[in-house]
Each structure stands twice: as structure tokens, then as C-alpha cells.
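Each chain, letter by letter, is given below.
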Amino acid sequence: MSQEKQTIPDDPKTKKGDAPAASQEPSTPGSSAGMQERIAQLETELADLRENQSLIEHAVDIADLGYGLWNDHLARETVASEVMARIHGMSLDEYLNTVTSLEVYVNTLIIPEDRAKYLDYENSIDINQGDRTRSLDFRIRTPQGNIKYLRQTSRFLAESGTPPTQSVVAMQDITEIKQMEEVLQESRARAAASEEFRSITAKIARLGHAVWDYEKEQYRYVSEEWADIFGYSAEEFLTQFLDFESDMALVHPADRDRYLTYYHNENDESIIEYRILRRDGEVRHVEQHYHYDEAHSPTISLVTLQDITERKMAEMNLIHSSKLVTLGEMSTSLAHELNQPLNAISLAAENVMLQGELGHADLPAVVLEKIQRIKEQVKRAASIIDHMRMFGREASEGNSRFDCRDSISGCMKIYGEQLRLSQIDIQLAVSSESLIIEGHPIRLEQVLINLMSNALHAMKSQESTDGHYLRIGAEKNERGQAVIQVSDTGGGIPEDVLNRIFEPFFTTKPMNEGTGLGLSVSFGIIGEMKGELVAENTARGTCFTITIPLAQRRKLKP
């Protein structure tokens, strides 16, 4: 539009200064004055059009918008702008000489992958759609070999009384926009991948984070990993434990005073280890850190929480292993020290009996009977001590053939009396037929003692030990395998955790009473012997079944 204001001639009747001339007549269209007035009006309109055209061309140039006029009869562009040619990497003359038809344009400039959709676009423009505008984004390859993204918009020009034969084509280079969209999309994909990787890493590390408002004493945000440590989703957690008072219910009662001291401590103590109560009642160990920018957000803190239960269990197991090593060393020394007085007692009893047999001492039969019992108990004590020494010694030697019934007998020597003192009835159902397997007898005894210890713990946890029994059976099955079963009446293992009992560090015992490694180690020992260890609940307790292949008979050399 022209920026000049149009002036309206003053009304001769109201013009100041001069009176109207009585002889002046309005100009008529056919008069000389009327022709001059019309020419002047047309010149003004033409100037306005030129100015408008200049503004439009300037705007088109700023927008880098190319345009052309497409003639359907000629099947080519009859008019094109300099910008249209430049967009395609050519001068105007080169463009008009190159684009001589739709087919040439498609096959020469448009990349093969976009040709079909471009033709569909061209064919979809309906001349009966009036002034409806259609657009398409596609790619071309310029004569210089550059790939460009273009956006074409076409509209038929209405012609009075006849179907339109010409359409205006506007073309814009949107390569930078597309490149920015691709960069943005790639950045979003990388961000999503990074977030997913962070989330996976946090889950593996059992690491969650939250934002805590110290002024309002409530959470502003918790991550899914944070909530999962407690057994909740983030939405559930914020609904149930938003403020400090409700959040404290998650801290183990024994650690709440210590946690309160930590929370209200104004020193730089930013790390604390404590126990939490999960949704399912399980006790877990966590390590908490808080970080805040006192200068910018003195009341807002970023808090991280990591489940370190497995680490704590590993530390406890290391301590426990160290104790076992020490105990093994002590048992060897103790066995040596105890053997000396036992030998002295045995020799003294033997000497007394010998004196009686030779007639050098007049001993009543009851005394001889007691002395004989002393000798038997000394022999039994020596056998137990020797077995403890063997059990405490590291099993470094290789596998050998042995009768698994001997391992059961050895376990009873070590653990049988403890069962009896706990008023547990021992039921043995061991085959009279030898059960020769390959492996290490001490390792098998380790497995059996662990099973017996677990059984005793389960039965003692019941209200009464009356009527409880431990049954140990051993026999050969039809597949040529030795089958050892250890059954108890300890109430069984919860079905929802039965399939997890052989996992390392998993235990149903309280934190200070079990490491969660006994069954895992036992499972590995039986596996090394090419056997299998399984567990199932019975009517009154649990039955552990060990299945190990019997050793093949060795062929005698001819």
C-alpha cells in the first residue's frame, strides 16, 4: 500500500480567502480539462501500484520467497522470479531454459525419494477448488550437488467464464528450518536416551533422588527410583509421605532418634546411613546425601538415596568369613590341645582296666563298667575333635570317590547333639546300600550342616518344639542317582519367596541372624558335583532334596 496520504480538493464554497468564480463550470468527461484530470488520477494510481509492487518485492526478497506463474496448457512456468531461480541454484535464464516441463523439473531437480509424492501433490490440485491453497515440503538437488528442502504453495488463478489454466507457485527455501528441526529432534532423542540411560543406571545402582523444601518441610519432587526403594511409585509416595511427619514413618524405629539429630544438625554433616521399612515390611539399609546451594536456594535441597543393603550384607559376610577363618584356625589348635588330655584320660582308664585284669587291683564290676564307658566317650570325643579339624580345614584337594552316607554320619557327630538338646527328634532313613559319589566329603557335610542349621532355626522359631522332628534320608533312585533329603517341621518357606532362597544375600532371617549366603553356597557346591539342590514345602515344613549322580564303576585293567 502507498504510504502517501491522498488529498481531497477543498470545496470552492468553503475555501478561505477567495470567493467562488461565477464563470467556473465543472469539467466534463469529454472536455480537455476532464481528460487531464483523469490522466493525473491514473498517474497517481500507477505510482501507488508501483510503490506497492516495490514493497511486495522487497518483502518477498526479505522472506527469500520465490514465485512463478505456471501455465497448464504449456505445461511449464512462463514467469519466474530471480529468487525462484536462486533457490534452485541457477540464474533466471538458466532456470527458465532448464525447467521446460513438469517432467523435466521432477526428473532433473527433485531427488528420487520425493518424486512420487511431488507428482501426487501436483495431480491432487483440483481446478474446481477455487482459491484453496495447497502446500508440500520436498527436497531437490541443485546443479552444484546441494540438497535443499523446499516448500511449494500453489493456487489456481480464477478466470471469468472459463476454467483456470494458470496457477501461481510460491517457493521457499526451508533447508535451515528443516536442519534445525533435525538437530532439535536429534537433541531430544539424545536427551531421551540420556534420561533413559540415567534411569537404568539409577535402577541398577538402586539410587534415587528427591527435592526437599526445608521451609515447608515437604517434598517437591521424588524420582521413580527413590519411590521404588520404599516399594512405591512416585505418585503413591508423594500422596502418602509428602511431609516430614509422615516421611519419618519410613525410618526404622531404632534409627529415628539418630535421624532426627542428623536432620536438625546445622553442621556440614550431609551423609547418613540408616535403616528403612519398605512397603512389604522388609528392612533395608540406605545411604542418604543432601546437597543445597545456600547462596541461591537456602531452603531447597537435592537429596540422594541409595539402597546399600547388599553392600552391608557383603561387609557382614566378610566379617563372618573372617570369624570362620579364625574359628577354623582355633579348631585345629583346640583339637590338638584337647587331644593331649583325652589321650591321658584314655591311657589312665586303660591302665586301670589292665591292672584289674592282671589282678593287681580289686575292682568291682560296676567300676570296670564305668571305666569302659569313659574309654568309649573319650574315643567318641576324639572322633568329634578330629572331624572338627577336618571340617575347619580348607578343602583344597581335588574330588574323590566317597560314600555320601559317611558325610551324613559325620554331620550327626557334629550337629546331632545340638538337635537333641533342642528337643528335636532325629529320624534317619539311610539306605543300607553304599552310595558312592564323586566330589568332596567335607563340602557335602558343609551343605548338610547348613540345611540342618536352617531347619533347627525354623523349628525353634515355632511356639513350641514339641512334636518337631528332623528327618534325613538317603537312597538310590531308579535313574542311578544318590538322593539325600532333609525334611523339617518348621512351618515352611513363604511361597512368594521360595523361588529366591538360593539367591546370594537373600534370607528370610532377621538382619543380624543370617547372611543369605548359606543356601547360595550350598547350591554352588552341589552344582560343582554335577548335582541338583531343590526345595519344596511340605504339610508341616520344608524338604530339601539333593540329587547327585552315582560314580560309575571303574573298569579293571586286563
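Model, not experiment: these values are computed from the prediction. Once a new chain begins, its residue numbering starts again from 1 and follows that chain's sequence as written. Only residues with pLDDT of at least 70 get local features here, since the model is predicted, and only at 80 or more are side-chain atom pairs given and counted; chain-wide, interface and lining totals rely on the full set of residues. To get the side-chain values, all heavy atoms of the structure are used, and hydrogens and water are removed first.

Another point: the overall build of the protein. Across its full length, the protein carries 15 helices and 17 strands. When a residue's accessible area, from a 1.4 Å probe over protein chains only, is under 20% of the maximum for its type it is buried; when over 50% it is exposed; and in between it is partly exposed. Evaluated residue by residue, the protein yields a buried proportion of 34% over its 558 residues. Contacts between residues were defined by any pair of non-hydrogen atoms, one from each residue, lying within 4.5 Å. Contacts spanning at least 24 positions in sequence make up 56% of the contacts within the protein whose residues lie at least 6 apart. Think of it this way: any DSSP run of H or I at least four residues long counts as a helix, any run of E at least two long counts as a strand, and we number them from the N terminus.

The strands that make up a sheet pair up through hydrogen bonds in the backbone, lying either parallel or antiparallel. The strand order β12-β14-β15-β17-β16 describes an open sheet built from five strands, whose pairing is mixed. The sheet is open, and its two edges are formed by β12 (425–430) and β16 (532–537), each paired on a single side. Each neighbouring strand pair of the sheet contributes to a mean axis angle of 10 degrees, computed without reference to strand direction. In this analysis, strands are considered paired if DSSP registers two or more bridges between them. With seven bridges connecting them, strand β15 (residues 481–487) and strand β17 (residues 542–549) associate as antiparallel partners. Each bridged residue has a counterpart across the sheet, and for isoleucine 484 the counterpart in β17 is isoleucine 546. Helix α13 (residues 404–421) contacts β12, β14 (469–476) and β15 of the sheet and is inclined by roughly 170 degrees relative to β12. Of the strands in this sheet, β16 and β17 touch helix α15 (residues 518–528), which is tilted by about 135 degrees from β16. Interaxial angle, 0 to 180 degrees, is taken between N-to-C directions of lines fitted to C-alpha atoms, where a helix line uses only the stretch in contact.

Take the nonpolar core next. Counting 41 residues, the largest nonpolar core has Ile437, Leu444, Leu470, Phe544 and Ile546 as its most contacted members. Residue assignment for this core shows that the elements contributing at least two residues are α13, α14 (441–460), β14, β15, α15, β16 and β17. For our purposes a nonpolar core is just a set of buried Ala, Val, Leu, Ile, Met, Phe, Trp, Tyr and Cys residues, chained together by side-chain atoms within 4.5 Å.

What follows is about unusual backbone geometry. One non-glycine residue with positive phi stands out, namely glutamine 423, at about 65 degrees. For glutamine 423, the location among the structural elements is in the loop between α13 and β12. Here the phi dihedral of lysine 530 falls at roughly 60 degrees; this positive angle occurs in a residue that is not glycine. Position of lysine 530 relative to the elements: it lies in the loop between α15 and β16. Given the relative accessible area of 73%, lysine 530 is considered exposed.

Attention now goes to the sheet that holds strand β6 (residues 207–213). Spatially, the five strands line up as an open sheet ordered β7-β6-β10-β9-β8, and their pairing is antiparallel. Looking at which strands have only one partner, the edges of the open sheet turn out to be β7 (218–222) and β8 (271–277). Ignoring which end each strand starts from, the neighbouring axes of this sheet average 35 degrees apart.

So, about the side chain of asparagine 71. Along the chain, the position of asparagine 71 falls in strand β1 (residues 65–71). With relative accessibility at 12%, the residue asparagine 71 sits in the buried group. Once residues lying within four places of it in the same chain are set aside, the contact partners of asparagine 71 are Arg76, Thr78, Thr165 and Gln166.

Position of proline 549 among the secondary structure elements: in strand β17. Judged by its relative accessible area of 35%, proline 549 falls in the partly exposed class. Along the sequence, proline 549 and alanine 482 sit 67 residues apart, while their C-alpha atoms lie 6.1 Å from each other. Apart from the residues within four sequence positions on either side, proline 549 is in contact with Ile437, Gly480, Gln481, Met529, Lys530 and Gly531.

Here we take up the environment of isoleucine 110. Following the sequence through the fold, isoleucine 110 ends up in the loop between α4 (102–109) and α5 (112–124). Here isoleucine 110 falls in the buried class, since its relative accessible area comes to 1%. Distance from isoleucine 110 to phenylalanine 138, taken between C-alpha atoms, is 7.7 Å for residues 28 residues apart in sequence. Not counting residues up to four positions away in its chain, the partners in contact with isoleucine 110 are Tyr105, Arg115, Tyr118, Phe138, Arg139 and Ile140.

This part takes up the pairing of strand β2 (residues 76–80). Bridge count for β1 against β2 is four bridges, and the pairing is antiparallel. From the neighbouring strand, leucine 69 faces β2, where its bridge partner is valine 79.

This brings us to the packing of aromatic side chains. Here a pair means two rings of Phe, Tyr or Trp (six-membered ring of Trp) with centres within 6.5 Å. Their orientation is stacked below 30 degrees between planes, edge-to-face above 60, and tilted elsewhere. Taken as a whole and assessed by the stated rule, the structure comprises 19 aromatic pairs. Arranged with centres 6.1 Å apart and planes meeting at 50 degrees, the rings of tyrosine 118 and tyrosine 121 form a pair that is tilted. With tyrosine 118 and tyrosine 121 both in helix α5, this residue pair falls three residues apart, about one helical turn.

Let's shift gears to α4. All buried positions along α4 are accounted for by Tyr105, Val106 and Leu109. Summarising the axial view, the buried residues of α4 lie within an arc of 110 degrees, below the 170-degree limit, and thus occupy one face. Tucked inside the fold, the buried residues of α4 contact α3 (92–98), α5, β3 (134–141), β4 (147–156) and β5 (166–173). When we speak of the arc, we mean the arc of directions from the helix axis to the C-beta atoms.

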